[in-house]
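# Observations on the model geometry
Next come the chains, spelled out residue by residue.
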Amino acid sequence: MVALLTKKTLVENRRKELTRLIKEAKADESRAKARKPKAAEGEELAENSAEEEEGDDARSAALEKELNMTEMDAADVKELGALEKEGFGDWTRRDLKQFITSCERYGRADKARVCEEVSQVLGKDPAQVERYYNTFWSRFMELKDHAKYIEKIERGEKRLERNEVVKQALARKCSRYSHPLRDMRLHYPAGYKSKGYILEEDVFLVVMMNKYGPLEHWGEIRDEIRKAWQFRFDWFFKSRTIAELQKRGEVLTRMVERENDELKSRNSKDEDDLAKKAKESSSSRSKSKSKNTSSSSRSKTSGSSSSKKRSSSSKQSSSSSAKKPRSS
């Protein structure tokens, strides 16, 4: 396939070169005819001009003959056509760039969304797009600039991973409040300057980012701000551009992540303290239980020994009474 495509490219380039040379030769012919001297100027000049015209005619004819002969063999053309039908001959570099862009936007793992977008944008058959997807990821190493394409896709996948992390952080933050817009509090770092934003605006942004997503749909978030009744006279907040809102959203997500990390570390520390206390209490209970067991065993031992002593003394008294003679 590669050899046939290379041969086809060489033939096409040669034909383009011959076409250019033919045009130049014909242009020379027309200029020579325009400069053709009249008979009054001398027969010698007329003869030289005629020779030049014949030379130009012969040159253009030779080039045209070579152009007609410069073609691929019929067998090669047939084989290349069959291979192009099996492959993706109608896919251009523009189509490849659109495919890379879709993979960057959704990630290589989301095959369904990638194929759907490519099919809609390029107007291609979904089955063909799916086949192209499978072929690309099995043979992308054969592309000349595959490293650049993969690097671009990996950047998009890292952005998606970051988006997922931020989504989870915002969801944890909002889940701690039954009514986030009313009850949520944000912990600003010491010495932080809000740059014009107030707590109510920041809380609204956090809730909207949790609803729509932190890295996209900023147009929808801006529309929500402009429709919110509590900001109907807040011209500063309503006049912010998408870029400004996105920048503020990044600041707020970092604050929320820091707060979640601190809360997590605090909870883990409390759990460790509780586990330590529980372990200490269980060990103290086991010690007291062992002490009680040992004391009860000692009391049982002393009781049995005293009972033995009492029984032996009673036996001795009975034997002494039996040996004493009875008086008549």
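What counts and how
Residues numbered from 1 in each chain as written. Predicted model: local features only at pLDDT ≥ 70, side-chain atom pairs only at ≥ 80, totals over all residues. Heavy atoms only, no water. Phe/Tyr/Trp six-rings, centres within 6.5 Å; stacked < 30°, edge-to-face > 60°. Helix = DSSP H or I, 4+ residues; strand = E, 2+ residues; numbered from the N terminus. Buried < 20%, exposed > 50% of the residue type's maximum accessible area, 1.4 Å probe, protein only. Lys NZ or Arg CZ within 6 Å of the ring centre and 35° of its normal. 1 Å grid on protein atoms, 1.4 Å probe; cavity = no way out; pocket = protein on both sides within 12 Å on 5 of 7 lines; lining within 4 Å. Points joined across faces, edges and corners; volume = space filled by probe spheres on them. pLDDT = per-residue confidence, 0-100. Contact = heavy atoms within 4.5 Å. Axes fitted to C-alpha atoms, helices over the stretch in contact; angles between N-to-C directions. Left-handed = near helix turned anticlockwise from the far one by under 90°. Nonpolar A, V, L, I, M, F, W, Y, C, P; charged D, E, K, R; others polar. Polar contact = N/O pair within 3.5 Å; in protein donor to acceptor, adjacent residues only side chain to side chain. Salt bridge = Lys/Arg side-chain N within 4 Å of Asp/Glu carboxyl O.

If you walk through the whole model with that rule in mind, you get 11 aromatic pairs. Look at Tyr197 and Phe237: their rings are 6.4 Å apart centre to centre, the planes differ by 90 degrees, and that puts the pair in the edge-to-face class. With Tyr197 in the loop between helix 8 (180-183) and helix 9 (199-212) and Phe237 in helix 11 (residues 235-238), the pair connects residues that are 40 residues apart, well separated along the chain. Accessibility classification places Tyr197 together with Phe237 in one group, the buried group. An aromatic cluster of three or more residues is present, and its members are Trp91, Phe99, Tyr132, Tyr133, Phe136, Trp137 and Phe140. Seen from the ring of Trp91, Lys124 lies directly overhead, with NZ or CZ sitting 4.9 Å from the centre. Cation over ring: Arg240 sits above Phe236, and NZ or CZ is 4.1 Å from the ring centre.

Counted as a void, the second largest pocket has a volume near 400 Å³. Along its surface, the second largest pocket is lined by 14 residues, and Arg105, Leu160, Asn163, Leu215 and Glu216 are the ones closest to its centre. Of all the secondary structure elements, the ones that give two or more residues to the lining of the second largest pocket are helix 4 (93-106) and helix 7 (146-175). The greatest single-element share of the lining of the second largest pocket, amounting to 6 residues, is contributed by helix 7.

Moving on, we get to the confidence of the model for the chain. Low-pLDDT portions of the prediction should not be read for the details of their coordinates. Summing up the model confidence of the chain, the mean pLDDT is 78 and the portion of residues at 70 or higher is 70%. The low-confidence segment residues 321-328, where pLDDT is below 50, has 0 contacts with residues more than four positions distant or belonging to other chains.

A separate point is the packing of helix 4 against helix 5 (residues 111-122). What describes two packed helices is the angle between their axes and the distance between those same axes. Here helix 4 crosses helix 5 at 145 degrees, and the two axes come no closer than 9 Å. Read as a crossing pair, helix 4 and helix 5 show a hand that is right-handed. Between helix 4 and helix 5, the residues in contact are Arg94, Asp95, Gln98, Phe99, Ser102, Cys103, Arg105 and Tyr106 and Arg113, Val114, Glu117, Val118, Val121 and Leu122, respectively. Class assignment of the residues belonging to the contact of helix 4 with helix 5 gives a composition of 7 nonpolar, 2 polar and 5 charged.

Our next topic: the side chain of Gln128. Turning to its location among the elements, Gln128 is positioned in helix 6 (residues 126-139). By relative accessible area, Gln128 is classed as buried at 19%. Here Gln128 is in contact with Phe88, Asp90 and Trp91, once residues within four sequence places are set aside.

Assignment of secondary structure puts Glu117 in helix 5. One polar contact links Glu117 to Arg105, side chain to side chain, over a distance of 2.7 Å. Sequence-distant contacts of Glu117, that is, excluding residues within four places in its chain, are made with Gln98, Ser102, Arg105 and Tyr106.

Our next topic: the pattern of salt bridges. Between side chains of opposite charge, a pair can form as their charged atoms come close. Under the defined criterion, the tally for this structure stands at 22 salt bridges. Between Arg20 and Glu17 there is a salt bridge, with its nearest N and O atoms 2.3 Å apart. With Arg20 and Glu17 both in helix 1 (residues 2-34), this residue pair falls 3 residues apart, about one helical turn. We classify Arg20 as partly exposed; its relative accessible area is 39%. Given a relative accessible area of 30%, Glu17 falls into the partly exposed group. A salt bridge links Asp183 to Arg182; its shortest N-O distance comes to 2.9 Å. With relative accessibility at 54%, the residue Arg182 sits in the exposed group. Salt bridges sharing common partners tie together Asp90, Arg94, Asp95 and Lys124.

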